[in-house]
Every structure is written in C-alpha cells, then in structure tokens.
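Examination of the molecular architecture
Listed here are the chains, written in short residue letters.
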Amino acid sequence: MLLSPDAPIQRLAAAIERAEVSVREVVDASLDRVEARNTTLNAFTQVLSDRSRVAADRADREIAAGHYRGPLHGIPISIKDLIDVAGTPTTAASHVADRSPAPSDAPVVARLREAGAIVIGKCNLHEFAFGTTGEDSAFGPTRHPLDPQRSPGGSSSGSAVSVADGMVTASIGTDTGGSIRIPAAACGLVGLKPTFDELPCHGIVPLAPSLDHVGPLTRSVADARLLFAAMRGATGAPAPTTPVTRRLGCPRPYFLDVLDAEVREIFDTALTRLGSSEWMVRDSPVRYGHDTATVCLHLVLSEATAVHASSLDTQAESYTEGVRLRLELGRYVLGEDYARAQRGRAVLTHAVDAALVGHDALVLPTLAIPAWPLGTETVDVGGRPISVRNVTLRLTQLFNATGHPAISIPCGCTTGGLPVGLQLVGRRGHTDHLLHVAEACETVLACR
C-alpha cells in the first residue's frame, strides 16, 4: 500500500519528486483506503474525491514542468471538520452549525495548499470539540482503528484515525484541553500543540479562545515538523534553537498520581531507556499542579458558554446531550470564578516556567489510560472510579491554559496492543526546540 502507516512523508515525497509514483496514484490509493475503511471507522464527515483528484492531476503537471514545491507537494492530508476548507461546510460535527460552504480556507489550510498538500476530506470530531472521546457527534462515533469497539480519543478523533489507519499521511486537528495529544496517544501517533497563538486560529470554529490551539497529527516527529513549518508560513520564521542538553524534568506530584498500571510501567520503562541513552531525567515538580482541573474547568466552561450563548437560547435541543449539558453548566460559573481562574492560570504558567529551568522539556505520560471501550463513562484507575473525561484531560489541559508547546509521541503498547503516549512540554515560544527534543527521544524509544 502506497500509504503504509510506516511510510514517512519524506520517503513518499522523494518518490513523487523522482516520478517513481504519480501524485494521482498516491491520491487514488488514499481514496481507496477511505472507501474501504470509513464505513467501519467513521473518520470522515466529507470526502472530497473529485476535488482531490483534480488537485492531484494539477500537481503532476506542475512537478513534470519543474515546479516542485517541496516535500508536501502532492501529499494527501485530512482536516478536522472544525476548520474552514473553501467550498465545503464546516459542520463541527453538529446539527447546530451553519452548513453553508466556507467562502475561503482557514489560513493554516491555505498555507498547506500553497506548500502543495492535497486535502482529501474533512474529519469527524466530538461535537464542537467539546469532549475527549469522539462519541458525541452528529455523524455518530469515530472508532479506534485497532479495535472498533474502543474510542480513538478526541476531540480530533477522525483526524487521528485517518492517519493511524493509513487513509492519509497527516491531518490537522485542534487542541483546547488535549484534543490533538489525547487521540495521538490513543492511536499511536505524534500530535503537536504549538505555543499558544503561534499558528492562527482564524477560520476555525472556536471553543474557548484563550485555550484553543491548532496543530498536526502525524506518524513521526519529522512529519510533524514539515506540517508545522508549512502551517506557520513564510512569515513565521523559526526561532533560533539552542542545543539539546538531554535534560528532562519529570513533574511527578499530581501528574503521576493517577495512572493505569500498564501505562505507568510503560512510561517508567521509557524513562529507563532514555536514561540508558545519556538522557538525564530528574524530578521537577510543577507547583500548584493539583489546582489544574479547577482552573481549567472555569476557563473552558465560561468561554465555551459565551461562544455558544445565542445557540443555547435558540437551538439547545439540537446539541448532543453531553455537550449541551456542559455548555449549560457554564452559565453557573460566576464572573469572580473566571477572574480567580485567570489569576490561577498566571500562577500555573509561572510554575511550569520554573519547572522547565535547566531542562530541555518536561516529560510525563500523555494519557493516564489506554483506549477505552465506547460508551464508557467511568474507568477504574488504581482501585478507584474516575470519569473518562476527567482522566483523559488530567495530563494535557494544563498546557493549554499556560500556552506551553507540548507534543505526544508513542512510547510503547499495552499487552493488549493498545498504544501509550509520552508527552514532552517545552518553553513558550520554543516549539522548534521541542521538536528537536522530541525527535531525539523518538529515536531512542523507536516505537514505530
């Protein structure tokens, strides 16, 4: 299969540039895979077959004429259906959203097209990105590619599945509390949330504007770097990077308190392997980490309810039940609660900055549990029940509030074959350095 899950973009790009394979063949293979698998996995809400074939033929003519744009030229990607793609509705997987075609591409999509990427279609998600399972959707639940009875994580569920199952080479998702990193970890992918506001969120349906991020889901850190560079565009030159010192800080209190036993074992093994490869891993606690959930809850509920206030008044019955209940809960958050959460955000931001001093990155698991069965509301972790929503957000949401760049990379699998993710968190404004660190760690862990 041309789009083997193990094939990096650079390898496929080299074959395209040398005319060993045509872009049309690559796109046809992608569309064939979508046709064969999407009925089972429900990853796509819209498949742009005719448009992507036209774009493929155009790319072949450009490359044949000597106008090769670079390693993304002719590469098939997917876009979360929360992000505008010109001429298609942005459904946000909701019956509430306006289904009029978007008049233009979101800037991140336009930049990817300029680099030559071909949009195969738009992907399913948890309605309005307000959930971590991919189940509450006007199109029905997205299913895990390794076990269709399990959740692939969310909210960028379809994006992750489209890449993990080899339907496309990469996808673009959004992340407000972990919605790129959670499905990346659950599906064995790389998921990057850059520094806050490093990539424009214009043309993307907001959830909580001060927490929203956009970024790539890919099969490798190198692929994520390619997508990130293209999404940043020519005006977003990378910041100078400092040498990787091979020093990682592990914030154990709070972040490692609640972990599935296999996830803990796999994470500890990953740290041991890094330590055996000349990485120094030291404890580096994040002060006030236990306040993460309270701070983030008040921020996201307040902002999300403000975004949806009008629709809640007129179309409440059109939301999926879980999303509607969370939005209505936000109406009970007082102004003083939101102000207090903003002060808490500032304290936590300083605490993460302090924990990073002397380290290339912080290291912690991405998800406290492996992929869970669809329909599960609570899971048993360490002998106590905890809600799926709380446990899946537990290790990721802080870095949306603080704006630090964070990336999930695969670090192993459970005895049942379910992937486990390792999360690296870098200094604000230093996403490029974080990518260098992640690539070096990826080489040691070698999970693909």
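This write-up is about the structure you can find in this document. Within each chain, residue numbers correspond to sequence positions counted from 1 in written order. Two thresholds apply to this predicted model, a pLDDT of at least 70 for residue-level local features and 80 or more for giving and counting side-chain atom pairs, whereas whole-chain, interface and lining totals are computed over all residues. Water and hydrogen atoms play no part in the side-chain values, which are based on all heavy atoms of the structure.

**Quick notes on the overall build of the chain**
- Counting from the N terminus, the helices are the DSSP runs of H or I reaching at least four residues and the strands are the DSSP runs of E reaching at least two. Along the chain, the regular secondary structure elements total 14 helices and 13 strands.
- Taken over C-alpha atoms, the radius of gyration comes to 20 Å for the chain, in line with the 22 Å a tight globule of 448 residues would show.
- Along the longest, intermediate and shortest principal axes, the C-alpha atoms of the chain span 60 × 60 × 45 Å.
- The buried share of the chain, reckoned over its 448 residues, is 59%. Atoms counted for the radius of gyration: C-alpha only. Globule rule: 2.2 Å times residue count to the power 0.38. Exposure classes here rest on a 1.4 Å probe applied to the protein chains alone. A residue is buried below 20% of its type maximum, exposed above 50%, and partly exposed in between.

**Comments concerning helix α1 (residues 9-17)**
- Along α1, the residues classified as buried are I9, L12, A13, A15 and I16. Along the axis of α1, the buried positions cluster into a sector of 160°, meaning they face one direction only.
- Residue contacts are counted whenever heavy atoms from the two residues lie within 4.5 Å of one another. Each element contacted by the buried residues of α1 is listed here: α2 (23-41), α3 (49-64), β4 (170-175) and α7 (221-232).
- Immediately downstream of α1, the backbone of A19 shows phi near 65°, a positive value. Here the arc refers to the set of directions running from the helix axis out to each C-beta atom.

**A look at unusual backbone geometry**
- Look at the link from G154 to S155: it is a cis peptide, with omega at 10°.
- Along the polypeptide, S155 turns up in the loop between β3 (118-123) and α5 (157-164).
- A positive phi angle, close to 65°, is found at R246, a residue other than glycine.
- Positionally, R246 belongs in the loop between α7 and β7 (247-250).
- Classification of R246 as partly exposed rests on a relative accessible area of 33%.

**Remarks on the sheet that holds strand β1 (residues 44-47)**
- A pair of strands is labelled paired if DSSP reports no fewer than 2 bridges between them. In space, the 11 strands of this open sheet follow the order β1-β3-β2-β4-β6-β5-β12-β13-β9-β7-β8, with mixed pairing throughout. What marks the edges here is a single partner per strand, and that holds for β1 and β8 (280-283). Direction aside, neighbouring strands of the sheet carry axes that sit 30° apart on average.
- Two elements, β7 and strand β9 (residues 361-365), share two bridges in a ladder whose sense is parallel. Among the inter-strand pairings, L248 is bridged to a residue of β9, identified as A361.
- Working convention: axes come from line fits to C-alpha atoms, limited for helices to the stretch in contact. Angles between N-to-C directions cover 0 to 180 degrees. Across the face of the sheet, α2 comes into contact with β1, β2 (76-80) and β3 while running at roughly 15° to β3.
- Taken strand by strand, helix α14 (residues 431-445) contacts β5 (190-193), β7, β9, β12 (406-413) and β13 (419-425), and its axis lies near 5° from that of β12.

**Things to note about the packing of helix α9 (residues 292-315) against helix α10 (residues 321-329)**
- At their nearest, the axes of α9 and α10 sit 8 Å apart, and the two run at 110° to each other. Classified by the angle their axes make, α9 and α10 are roughly perpendicular. For the pair α9 and α10, contact is made by L301, A304, T305, H308 and L312 and by R326, L327, E328 and L329, respectively.
- For the contact of α9 with α10, the class distribution of residues is five nonpolar, two polar and two charged. Each angle receives one of four descriptions, namely roughly parallel if under 35 degrees, roughly antiparallel if over 145, roughly perpendicular if within 65 to 115, and oblique otherwise. Lys, Arg, Asp and Glu make up the charged group, whereas Ala, Val, Leu, Ile, Met, Phe, Trp, Tyr, Cys and Pro make up the nonpolar group; the residues left over, Gly among them, are polar.

**Some points on the pattern of salt bridges**
- Here a salt bridge means any side-chain nitrogen of Lys or Arg lying within 4 Å of a carboxyl oxygen belonging to Asp or Glu. Taken as a whole and judged by the stated rule, the model has 21 salt bridges.
- With a shortest N-O distance of 3.0 Å, R37 and D165 are connected by a salt bridge. Taken as a pair, R37 in helix α2 and D165 in the loop between α5 and β4 lie far apart in primary sequence, 128 residues in all.
- Classification of R37 by relative accessible area gives partly exposed; the value is 23%.
- D353 is the partner of R428 in a salt bridge, and the nearest nitrogen-oxygen pair spans 2.3 Å. One end of the pair, R428, is in the loop between β13 and α14; the other, D353, is in helix α11 (residues 335-356), and 75 residues separate them in sequence.
- Through salt bridges with shared partners, one network takes in R24, D28, R53 and D57.

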